[in-house]
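# A look at the structure
One letter stands for each residue in the lines below.
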Amino acid sequence: MDEVTIYHNPACGTSRNTLGLIRNGGIEPRVIEYLKTPPDRATLLALIAAMQVPVREVVRAKESLYADLGLAEADDAALVDAMLAHPVLINRPIVVTARGTKLCRPSEAVLDILPQPQRGAFSKEDGQPVVDAAGNRIG
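Residues numbered from 1 in each chain as written. Predicted model: local features only at pLDDT ≥ 70, side-chain atom pairs only at ≥ 80, totals over all residues. Heavy atoms only, no water.

Glancing now at the nonpolar core. Counting 21 residues, the largest nonpolar core has Ile48, Val58, Leu71, Met83, Ile90 and Ile94 as the members making the most contacts within it. Secondary structure elements with two or more residues in this core: α2 (41–51) and α4 (76–85). Among all residues touching Leu71, those that are not within four sequence positions of it are Arg56, Tyr66, Leu79, Ala82 and Leu89. Leu21, Val95, Val130 and Val131 belong to the second-largest nonpolar core, a separate cluster that totals 15 residues. (Core = buried A, V, L, I, M, F, W, Y, C linked by side-chain atoms within 4.5 Å. Buried < 20%, exposed > 50% of the residue type's maximum accessible area, 1.4 Å probe, protein only. Helix = DSSP H or I, 4+ residues; strand = E, 2+ residues; numbered from the N terminus. Contact = heavy atoms within 4.5 Å.)

Spelled out as C-alpha cells, the structure:
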C-alpha cells in the first residue's frame with residue numbers, strides 16, 4: 001500500500017476532515033503534527049516545490065502573527081524563515097502521496113491524490129456530504 005503523510009493540526013476542522021477522508025479510503029496515514037514536530041528547511045522547501053505553488057500560498061495569512069511580523073510585503077525567503085520560526089504560519093493540511101503533494105483546502109481536495117477510492121459515505125464535521133455511500137465524490 002502507498003504511504004500517505006499528512007501534516008496535521010488536530011485543532012483545525014479542515015485538517016480533521018482531510019484526515020477523515022484519508023481514513024475513509026482505508027488508509028492509516030503517517031500523521032505529523034507539524035506544530036509539535038515542524039518540518040526543517042529542506043523538508044518545507046521540498047513540500048512547496050512538490051505542490052508547485054507560490055510560497056505565499058503556503059503561508060497562513062489569517063494568523064495574527066502574519067500581520068504582526070509584517071509579512072504582507074515579505075519575499076519568499078522571509079516567508080520561509082517566518083514559517084520555520086513560527087510553524088503556526090504554515091497552512092494546513094499538507095498531504096503527501098505517491099500521486100502528488102497538495103495543500104488540501106478544501107479538505108476534499110485530498111481525493112485528487114489518494115491512491116485508493118473511498119470506501120463509503122463521508123460528511124464533513126459540519127454535515128456537508130463529500131462522498132456518497134458508493135464512495136463517489138459529491139459535487
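With that settled, the discussion passes to the pattern of salt bridges. The full count for this structure, using the stated rule, is 9 salt bridges. As a salt-bridge pair, Glu28 and Arg23 come within 2.9 Å of each other at their nearest N and O atoms. You can call Glu28 exposed: its relative accessible area is 57%. Salt-bridge contacts for Lys102 lead to Asp112; the nearest nitrogen and oxygen are separated by 3.8 Å. Of the two residues, Lys102 is situated in strand β4 (residues 100–103) and Asp112 in the loop between β4 and β5 (122–123); the sequence distance between them amounts to 10 residues. Classification of Lys102 as partly exposed rests on a relative accessible area of 26%. (Salt bridge = Lys/Arg side-chain N within 4 Å of Asp/Glu carboxyl O.)

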